[in-house]
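Listed here are the chains, written in short residue letters.
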Amino acid sequence: MKNKLNLCKQFLASNIGMIFFYLTPLATFLMVEVLEFGGSDSECMLPNSFAFWVNLMFYYGVFLLFRAVTGRTRFSIIFLNLVFLIFGVINYYSIDIRNSPVVPWDLYAVGTAAQALDGFTWTIPPQVIACVVGCIIWWVITMRMKFPVPRVRKRVELFAASAVMLTAFTLIATVGRDNFYISAWRQVTANRRNGMALNFTINMDSLFNEAPSDYSKENANTILSSVSSDETADTATEQPNIIAIMDETFADLSILGDLNLENIDDVMPFVHSLSEDDNAITGQLVVPAFGGGTCNSEYEFLTSNTYAFFKSGSYPMLQYVHGETESLASVLSEQGYSTVAIHPYYGSGWGRNRAYPLMGFDTFLDIDDFDDETTEYLRRYVSDNSSFDKIIETYESNNAESDDPLFLFNVTMQNHCGYDTVYSNFPETVEFEYDSLYPYTKQYLSLIQESDRAIEKLVEYFSEQDEPTIIVFFGDHMPYIENSYYNHLTMYSTKTDAEIEMDKHTVPFFIWANYDIEGYDAGRISANYLGPMTLDVAGAQMSEYEEYVYSLKDEYPVISATGCINKDGIFVPLEMAAQDLHDYKIVQYEYVFDNEGGTDTGSDTPVAGSAAS
């Protein structure tokens, strides 16, 4: 027995370095997952979970590969441990700030994310401190260890083992992805159940779009031509100005439940009052975004494409607008309109400074075109008042310099998240039950109240103008506020989870005119219809594609990745409506990927998004 103990001691003494090396991938994996520990959701950290072992394939594969290539064990441990620590910390803050882990499509929005993070209040939680301290201790121990230099044969063996592990990991994460939890809308849960490395790889599938099985350009053209030209609106004798506003994070939370307001009756009384206006079309708009992803909502509005046919997590405006692309702006430009886009923030956000000219906008005004001395800020963003003042200024300038009607698209910034900081330049005036428990929501609702006042002021201005003008207004998504408040609102809801999810992707919209139009309640529609509806109200000519899309509204008023609503008002899961919408999918594929304005791929080739420049 004593000899056996001595032999064990000798073995440990001579192999302690390599034992330490082979413990490092396991420790690194656990460190990354501890950084975003979600309690019972973190199934990937349990050895009885398949995801646990699949993730270990990845970490061990990477460490073995790095040691095989460099031949330097100590450097491999310290370098890779540091790299994964950085990724883990980034992932933690991604979840903390925007309630989403790092996913592949974030690579298309790095610049936008960096701008959005400016001004957030940063805190360092205990798990970040613990992991950083743990890594430093691990590195100190590594520096004191002795490691054998792997010979050529050993390095070949390490490379082979690494190749087997990484290949197995990739196949399991792609071909076998259905064995894991997949949810486009619950990425935090997916990340904690699958683990960061596995979940990121599973989501790589989102970057590719395949053509429908029976796709061909000829088939798409036949479907388009099936819409009678008689359905096209006659061009108006007097073309109205069209002011389109996508208001940042403008949403009506009362769709989810009673807000229990205490000091006021309504946070958006003017917007709600338009339902009684004979010259206003009002309704609810289903958008693809929630809590972020603004560009997807504006893309649907401008192009009439539905996000439902893209892989979840895509950013079409970033990924697929690389040539001249038909949009409301280009369609109206061909009819003699001056086309202007306004955004009171950085023009590079979501690649707008690159995409807008390709979509037919003559002019793009960003934050650099706002006068510092006269521009009002609420919190740290340009107020809706100042954004709307720029609309009025542009409208008056267009009148003075041109006889052309104006199409103006304004994306505001006032209500942008986060809501975690109290600002001296913005008093929070809205009070509601338990508001002390929900400070983010309190700030958000106070901002919506300010937006409503600014909208009323803008409508009053144009109601006094002689030139016929239409205002199209909608929000881009609901806010990123406390999840517990959303749970509070929906606590007693009788709706299904799918219906609640659609409600969370629903915002108000209206089309108002300063001349006689037939006002009505449009009910709930998806954002891909709002552009053609605007042209219809304005008496403008639709493109062939817009005519086709608009012809689908009677059968399916809502087409969304969160589900569809049919003509009878019944919620239909997207997969159940897929056959009815197959022709639309074919036409959209041709429109986006296989025409002169899109990314030319041919009829059968999967399409990968390319990063915005």
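Structural data are supplied above this passage.
Since this is a predicted model, take the numbers as computed values, not measurements.

Please explain the overall build of the chain as it appears in this structure.
Along its length, the chain carries 22 helices and 15 strands. Contacts spanning at least 24 positions in sequence make up 77% of the contacts within the chain whose residues lie at least 6 apart. Counting every atom, the chain has about 26,800 Å² of accessible surface; 54% of that belongs to carbon and sulfur.

For this particular structure, what's the right way to read helix H9 (residues 217–225)?
An α-helical segment advances 3.6 residues per turn. Residues three or four places apart therefore align on the same side. Regarding H9, the residues found buried are Ala220, Ile223 and Leu224. Taken around the axis of H9, the buried residues stretch over an arc of 100°, which confines them to a single face. Exposed residues on H9 whose side chains face more than 90 degrees from its buried face are Glu218 and Thr222. Structurally, H9 contributes buried residues whose contacts are with helix H20 (544–551) and helix H22 (582–593).

It is not clear to me how the side chain of Gln443 should be interpreted in this structure. Could you clarify?
Tracing the chain through its elements places Gln443 in helix H16 (residues 439–463). Apart from residues lying up to four places away in sequence, Gln443 is in contact with Arg379, Gly418, Tyr419, Thr421, Val422, Tyr423, Phe426 and Glu428.

When you look at the side chain of Ser338 in this model, what are you seeing that I'm missing?
Take Ser338: it is sitting in strand E4 (residues 338–342). At a separation of 3.3 Å, a polar atom in the side chain of Ser338 contacts the side chain of Asn398. Setting aside chain neighbours within four positions, we find Ser338 in contact with Asp362, Asn398, Ser402, Asp404, Pro405, Leu406 and Phe407.

Sorry if this is basic, but what is going on with the sheet that holds strand E12 (residues 558–560) here?
The strands making up a sheet are joined through hydrogen bonds of the backbone, oriented either antiparallel or parallel. Judged by pairing direction, the sheet is antiparallel, and its 3 strands sit side by side in the order E12-E13-E14 without closing on themselves. Two strands close off the open sheet at either side, each with one partner strand: E12 and strand E14 (571–572). Taken together, the 3 bridges between E12 and strand E13 (residues 563–565) define a ladder with antiparallel strand orientation. The partner of Val558 across the bridge, within E13, is Ile565.

Hey, could you run me through the sheet that holds strand E5 (residues 363–365) in this one?
One open sheet holds the 8 strands; their spatial order is E5-E4-E8-E2-E9-E10-E3-E11, and the pairing between them is mixed. Either end of the sheet is taken by a strand with one partner, and the two such strands are E5 and strand E11 (520–526). Along the sheet, successive strands turn relative to each other by an average axial angle of 15°, direction set aside. In terms of strand pairing, strand E2 (residues 241–247) meets strand E9 (residues 469–475) through 7 bridges, oriented parallel. Across the sheet, Asn241 pairs through a bridge with Thr469, a residue of E9. Taken strand by strand, helix H11 (residues 294–303) contacts E2, strand E3 (280–286), strand E8 (406–411) and E9, and its axis lies near 160° from that of E8. Packed on one face of the sheet, helix H19 (residues 530–538) meets E2, E3, E9, strand E10 (506–513) and E11 and runs near 15° to E10.

I'm lost on the state of the cysteines in this one. Help?
In protein chemistry, a disulfide is the covalent bond that joins the sulfur atoms of two cysteines. The final tally for this structure, using the stated rule, is 0 disulfides. Cys135 takes part in no disulfide bond, and the closest cysteine sulfur, belonging to Cys131, lies 6.6 Å away. With relative accessibility at 4%, the residue Cys135 sits in the buried group.

Whenever I open this one, the packing of H20 against H22 confuses me. Can you help?
Between two packed helices, what matters for the description is the angle formed by their axes and the separation of those axes. Where H20 meets H22, the axes come as close as 11 Å, and the angle between the chain directions of the two elements is 155°. By the criterion of interaxial angle, the relationship of H20 to H22 is roughly antiparallel. The handedness of the crossing between H20 and H22 is left-handed. From H20, Tyr545, Tyr548 and Val549 reach across to H22, where they touch Asp583, Tyr584, Val587, Gln588 and Tyr591. Residue classes in the contact of H20 with H22 are distributed as 6 nonpolar, 1 polar and 1 charged.

Looking at this structure, I do not really get the layout of surface pockets. What am I missing?
Here the second largest pocket defines a volume of roughly 1,100 Å³. Every residue lining the second largest pocket is counted, 44 residues in all, and those nearest its centre are Ala308, Phe310, Lys311, Ser312 and Leu574. Elements supplying a minimum of two residues to the lining of the second largest pocket: helix H7 (187–194), helix H8 (196–202), strand E1 (208–209), helix H18 (497–503), helix H21 (574–577) and H22. Counting residues per element, the lining of the second largest pocket draws most heavily on H22, at 5 residues. Here the lining of the second largest pocket is built from residues that sort into 22 nonpolar, 13 polar and 9 charged.

Any chance you could explain the nonpolar core here in plain terms?
Here is a general trend for soluble globular proteins: nonpolar side chains tend to be buried in one another's company. Counting 130 residues, the largest nonpolar core has Leu253, Phe407, Phe409 and Phe462 as its most contacted members. Element by element, the count of residues in this core is highest for H16, at 10 residues. Discounting residues that sit within four places of it in the chain, Phe407 has contacts with Ile242, Ala244, Leu328, Ala329, Leu332, Tyr337, Ser338, Thr339, Val340 and Phe361.

What is the right way to read the pairing of E3 from this model?
Remark: a regular strand shows side chains that alternate across the two faces of the sheet. Across the 7 residues that make up E3, a large majority, 6, are buried. In this sheet, E10 lies alongside E3 in antiparallel orientation, the contact comprising 7 bridges. In the strand pairing of E10, Ile281 is matched with Ile511. Both E3 and E11 contribute to a ladder of 6 bridges, which runs parallel. Its bridge partner being in E11, Gly283 is matched across the sheet by Gly523.

Would you explain the packing of helix H15 (residues 384–401) against H16 in this entry?
In the contact formed by H15 and H16, the axes pass within 9 Å of each other and the chain directions differ by 20°. By the angle class used here, H15 and H16 are roughly parallel. As for how H15 packs across H16, the hand of that crossing is right-handed. Residues Asp384, Asn385, Phe388, Asp389, Ile391, Ile392, Tyr395 and Glu396 of H15 form the contact with H16, whose participating residues are Ser451, Ala454, Ile455, Lys457, Leu458, Tyr461 and Phe462. Here the contact of H15 with H16 is composed, by residue class, of 9 nonpolar, 2 polar and 4 charged.

I keep staring at the pattern of salt bridges and nothing clicks. Help me out?
Pairing is possible between side chains that carry opposite charge, provided their charged atoms lie close to one another. Scanning all chains against the criterion turns up 11 salt bridges. Residue Glu298 is joined to Arg352 by a salt bridge in which the shortest nitrogen-to-oxygen separation is 2.6 Å. Linking Glu298 in helix H11 with Arg352 in helix H14 (residues 352–358), this pair joins segments that are 54 residues apart in sequence. Of the residues examined, Arg352 reaches a relative accessible area of 2% and is grouped as buried. A salt bridge links Arg524 to Asp503, with the nearest nitrogen and oxygen atoms 3.0 Å apart. You can see Arg524 sitting in strand E11 and its partner Asp503 sitting in helix H18, a full 21 residues away along the chain.

Just to check I follow, could you spell out unusual backbone geometry for this structure?
What is expected of a backbone is that most residues other than glycine have negative phi and most peptide bonds are trans. Cis rather than trans, the peptide bond between Cys417 and Gly418 has omega equal to 5°. With respect to the secondary-structure elements, Gly418 resides in the loop between E8 and H16. Located in the positive-phi region is Trp350, a residue other than glycine, with phi close to 55°. Within the secondary structure, Trp350 sits in the loop between E4 and H14. Of note, the phi angle at Tyr434 is positive, near 65°, even though the residue is not glycine. Secondary-structure assignment places Tyr434 in the loop between E8 and H16. A residue is classified by how much of its surface remains accessible, and Tyr434, at 45% relative accessible area, is partly exposed.

Definitions and cut-offs
- Residues numbered from 1 in each chain as written.
- Predicted model: local features only at pLDDT ≥ 70, side-chain atom pairs only at ≥ 80, totals over all residues.
- Heavy atoms only, no water.
- Helix = DSSP H or I, 4+ residues; strand = E, 2+ residues; numbered from the N terminus.
- Contact = heavy atoms within 4.5 Å.
- Areas by Shrake-Rupley, 256 points an atom, 1.4 Å probe, with all protein chains shown as cover.
- Buried < 20%, exposed > 50% of the residue type's maximum accessible area, 1.4 Å probe, protein only.
- Arc of directions from axis to C-beta.
- Polar contact = N/O pair within 3.5 Å; in protein donor to acceptor, adjacent residues only side chain to side chain.
- Pairing = 2+ DSSP bridges.
- Axes fitted to C-alpha atoms, helices over the stretch in contact; angles between N-to-C directions.
- Disulfide = S-S within 2.5 Å.
- Parallel < 35°, antiparallel > 145°, perpendicular 65-115°, else oblique.
- Left-handed = near helix turned anticlockwise from the far one by under 90°.
- Nonpolar A, V, L, I, M, F, W, Y, C, P; charged D, E, K, R; others polar.
- 1 Å grid on protein atoms, 1.4 Å probe; cavity = no way out; pocket = protein on both sides within 12 Å on 5 of 7 lines; lining within 4 Å.
- Points joined across faces, edges and corners; volume = space filled by probe spheres on them.
- Core = buried A, V, L, I, M, F, W, Y, C linked by side-chain atoms within 4.5 Å.
- Salt bridge = Lys/Arg side-chain N within 4 Å of Asp/Glu carboxyl O.

These figures capture arrangement, not role.
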